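# Overview (structure and organization)
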Amino acid sequence: MFFLTVLLFSYLQISQQIQKTTANGKEMLSNPRLIPVQGTLNVVMNQNVSLSCHSDSGTPPVRYTLFKHNQKISTLNRPDLTASLFNLTINSASDMGEYKCKAENNISGGGKYSNSLNFTLKEPISKPMLSSPTSQAKEGQNVTLSCLSENGSLPITYTFFKGRQSISPPVKMQKREAAVIFLFMNSSSDFGTYKCRAENSFRNNTKYSNSFNFTLAEERSHSQPLIISLGLILLLFIIGFALAIPFLIIPSYKAKKFKSTRSSTGFTSTTNAEEPEDYVIYTEIEPVKPEEEYVNFSVIRREDEKEKAACATVYSKVFIRH
């Protein structure tokens, strides 16, 4: 049994050697290795990068081809087993993705493929925005602060400050979401100016937010509802009085107009209570003329016709002094 195992192992070794070497002594290529020359797969927009593709063994010349998403990008021929360098420029997000290279020589058949590489785009963060649902609070009230940078590669780490003092441990966000902290406004010292800071793996790219101020909300006076109620009552009274004015003035105006109409005829009659019922005095008053300083009036005295007394007329002048 042991002899059969050793025999099988030897056969496999010989078969692999036969696959690597053809009858004319040429060796097939090994699987190439694709590596970033800059040593990292983190890139920024408009950055130039280089990829190295190299087969350690095989018979040259070697033809190397670079692929992105199985689409051929470029082909280089090497007369020996030295590495081929592919130069790229990251112009957009579409330049991210899976890269592979393929090595071929005259006897490799379908060629050998390398490992795959994926670039990660590192975008500098934008200035974060610090906000809260309210800017006024009372002592003993809970409030929230939110900090968000809308642009920049993830993850983003946020830190909150009051003045220059940090008030929270760093909050790392793996998604494009705002970091939120809760504050308890315990005393007047908790009111004031707050800020937040955002940073990611992009070098020398730390941004601070706008300032946000919490102010102490004024307590509403208990007498304020009473003042509002009194104001409404006074307003209703004024409106009611304004609506009642026409009903008070119009009747009085009509009465005066009627009285004026009666007196405009120029005749009035009076009856003396002490005289007999048939004793009447008629008086006629002439209007005042602008150029005269007096008016004329006449008094007509009439007695009962049965007594057949003659009517007497008396004229008088009344001077009006200015």
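Check the entry above for the structure.
First, a word on scope: everything that follows refers to the structure included in this document. In this text the structure is predicted, and so the values were computed from the model without any measurement.

### A look at the sheet that holds strand S3 (residues 47-54)
With antiparallel pairing, the 3 strands of this open sheet are ordered in space as S1-S3-S6. Each edge of the sheet is formed by a strand with only one pairing partner; in this case those strands are strand S1 (33-36) and strand S6 (84-90). Going across the sheet, the axis of each strand differs from the next one's by a mean of 25°, ignoring polarity. In this sheet, S3 lies alongside S1 in antiparallel orientation, the contact comprising 4 bridges. Across the sheet, Pro-36 pairs through a bridge with Leu-51, a residue of S3.

### Some remarks on empty space enclosed by the protein
Vacant regions in the atomic arrangement are exposed by a probe of water-molecule size rolled over the atoms. By the definition in use, this model includes 1 cavity of 30 Å³ or more. Estimates place the volume of the largest cavity at around 30 Å³. Every residue along the wall of the largest cavity is listed here: Phe-67, Lys-68, His-69, Asn-70, Glu-98, Tyr-99 and Lys-100. Put simply, the parts of the chain that give the lining of the largest cavity at least two residues each are strand S4 (62-68) and strand S7 (98-104). Of the residues forming the lining of the largest cavity, the biggest block, 3 residues, is contributed by S7. Tallied by class, residues from the lining of the largest cavity come to 2 nonpolar, 2 polar and 3 charged.

### Details of the sheet that holds strand S17 (residues 179-185)
Strand order in the open sheet formed by 3 strands is S11-S13-S17, and the pairing between neighbours is antiparallel. Of all strands in the sheet, those with a lone pairing partner are strand S11 (129-131) and S17, marking the two edges. Strand-to-strand, the axes of this sheet are offset by a mean angle of 20°, without reference to chain direction. Relative to strand S13 (residues 141-148), S11 runs antiparallel, the two sharing 3 bridges. When the bridges of S13 are listed, Ser-131 appears paired with Ser-146.

Conventions used here
- Residues numbered from 1 in each chain as written.
- Predicted model: local features only at pLDDT ≥ 70, side-chain atom pairs only at ≥ 80, totals over all residues.
- Heavy atoms only, no water.
- Pairing = 2+ DSSP bridges.
- Helix = DSSP H or I, 4+ residues; strand = E, 2+ residues; numbered from the N terminus.
- Axes fitted to C-alpha atoms, helices over the stretch in contact; angles between N-to-C directions.
- 1 Å grid on protein atoms, 1.4 Å probe; cavity = no way out; pocket = protein on both sides within 12 Å on 5 of 7 lines; lining within 4 Å.
- Points joined across faces, edges and corners; volume = space filled by probe spheres on them.
- Nonpolar A, V, L, I, M, F, W, Y, C, P; charged D, E, K, R; others polar.

That is the geometry; function is a separate question.
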